[in-house]
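The chain contents come next:
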Amino acid sequence: DFPLIIARVRRGARIIHTLTHAHLHIWSSSAYFVIMGKLHKTYLSGNRIYACSVCRSHLAQQDEVISKSFHGRHGRAYLMNNVVDVSTGEREDRILITGLHTVADIFCNHCETVIGWKYEEAFEHSQKYKEGKFILEKAKIVKDSPW
């Protein structure tokens, strides 16, 4: 066995994991990888897929929607349990409608468009449920249906 290096595809790429076997099961917030020099992109299946409005890269399944009652920089936004094919930017503290949060912008891995953010930390007890969740801005995504 030889180690596989899996790295994010974005400026300032960093190593996410080093694996010592060839069996891979990837479902994470960054599912757009270079594995052994080959670019891999996640394609989701299901009745409704949310995709990047610029490049149509798949981002999430409808089942991942927690709430459609959120607001982003560009209007309405969805709180998502999990997304794919995104990279996270630098962590920063932001004062949002519901208080102070540590967040990181999320970028589409294909076109590098900012499509929302990830809640890294919530400082108020009532907001802790958001930690590790994602905001997808409705203005930055489209609904794709299967063929």
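Data block above holds the structure.
Residues numbered from 1 in each chain as written. Predicted model: local features only at pLDDT ≥ 70, side-chain atom pairs only at ≥ 80, totals over all residues. Heavy atoms only, no water.

### Brief notes about the overall build of the protein
Okay, so step 1: Each helix and strand in the protein was counted, giving zero helices and 13 strands.
Okay, so step 2: Going from N to C terminus, the protein has its helices and strands arranged as β-β-β-β-β-β-β-β-β-β-β-β-β.
Okay, so step 3: Within the protein, buried positions represent 42% of all 147 residues.
Okay, so step 4: At a minimum sequence separation of 6, the contacts of the protein that also span at least 24 residues come to 47%.
Okay, so step 5: Working note: accessible area of the protein is about 8400 Å², and carbon and sulfur atoms make up 51% of it. (Helix = DSSP H or I, 4+ residues; strand = E, 2+ residues; numbered from the N terminus. Buried < 20%, exposed > 50% of the residue type's maximum accessible area, 1.4 Å probe, protein only. Contact = heavy atoms within 4.5 Å. Areas by Shrake-Rupley, 256 points an atom, 1.4 Å probe, with all protein chains shown as cover.)

### Regarding the sheet that holds strand E5 (residues 49-52)
Okay, so step 1: Spatially, the three strands line up as an open sheet ordered E6-E5-E13, and their pairing is antiparallel. Only two strands of the sheet have a single partner each, and these edge strands are strand E6 (58-61) and strand E13 (141-144). The sheet shows a mean angle of 30 degrees between the axes of neighbouring strands, taken without regard to direction.
Okay, so step 2: Judged from the three bridges that link them, E5 and E6 form a sheet pairing that is antiparallel. Each bridged residue has a counterpart across the sheet, and for Tyr50 the counterpart in E6 is Ala60. (Pairing = 2+ DSSP bridges. Axes fitted to C-alpha atoms, helices over the stretch in contact; angles between N-to-C directions.)

### Here's the deal with the nonpolar core
Okay, so step 1: Membership of the largest hydrophobic core comes to 15 residues, with the highest contact counts inside it found for Leu59, Met80, Val83, Ile115 and Leu136.
Okay, so step 2: Elements that contribute at least two residues to this core include exactly E5, E6, strand E8 (75-80), strand E10 (99-108) and strand E12 (134-137).
Okay, so step 3: Judged by nonpolar contacts, the second largest core, of seven residues, contains Phe70, Ala77, Leu79 and Ile135. (Core = buried A, V, L, I, M, F, W, Y, C linked by side-chain atoms within 4.5 Å.)

### Focus on the pattern of salt bridges
Okay, so step 1: Taken as a whole, this structure holds six salt bridges when the rule is applied.
Okay, so step 2: Salt-bridge contacts for Asp144 lead to Arg56; the nearest nitrogen and oxygen are separated by 3.9 Å. With Asp144 in strand E13 and Arg56 in the loop between E5 and E6, the pair connects residues that are 88 residues apart, well separated along the chain.
Okay, so step 3: For Glu120, the salt bridge goes to Arg91, with nearest N and O atoms at 3.6 Å. With a gap of 29 residues between them, Glu120 in strand E11 (residues 114-122) and Arg91 in strand E9 (residues 86-96) connect regions that are remote in the sequence.
Okay, so step 4: Under the relative-accessibility criterion, Glu120 is labelled partly exposed at 23%.
Okay, so step 5: Connected through shared salt-bridge partners, Arg73, Glu92, Arg94 and Asp105 make up one network. (Salt bridge = Lys/Arg side-chain N within 4 Å of Asp/Glu carboxyl O.)

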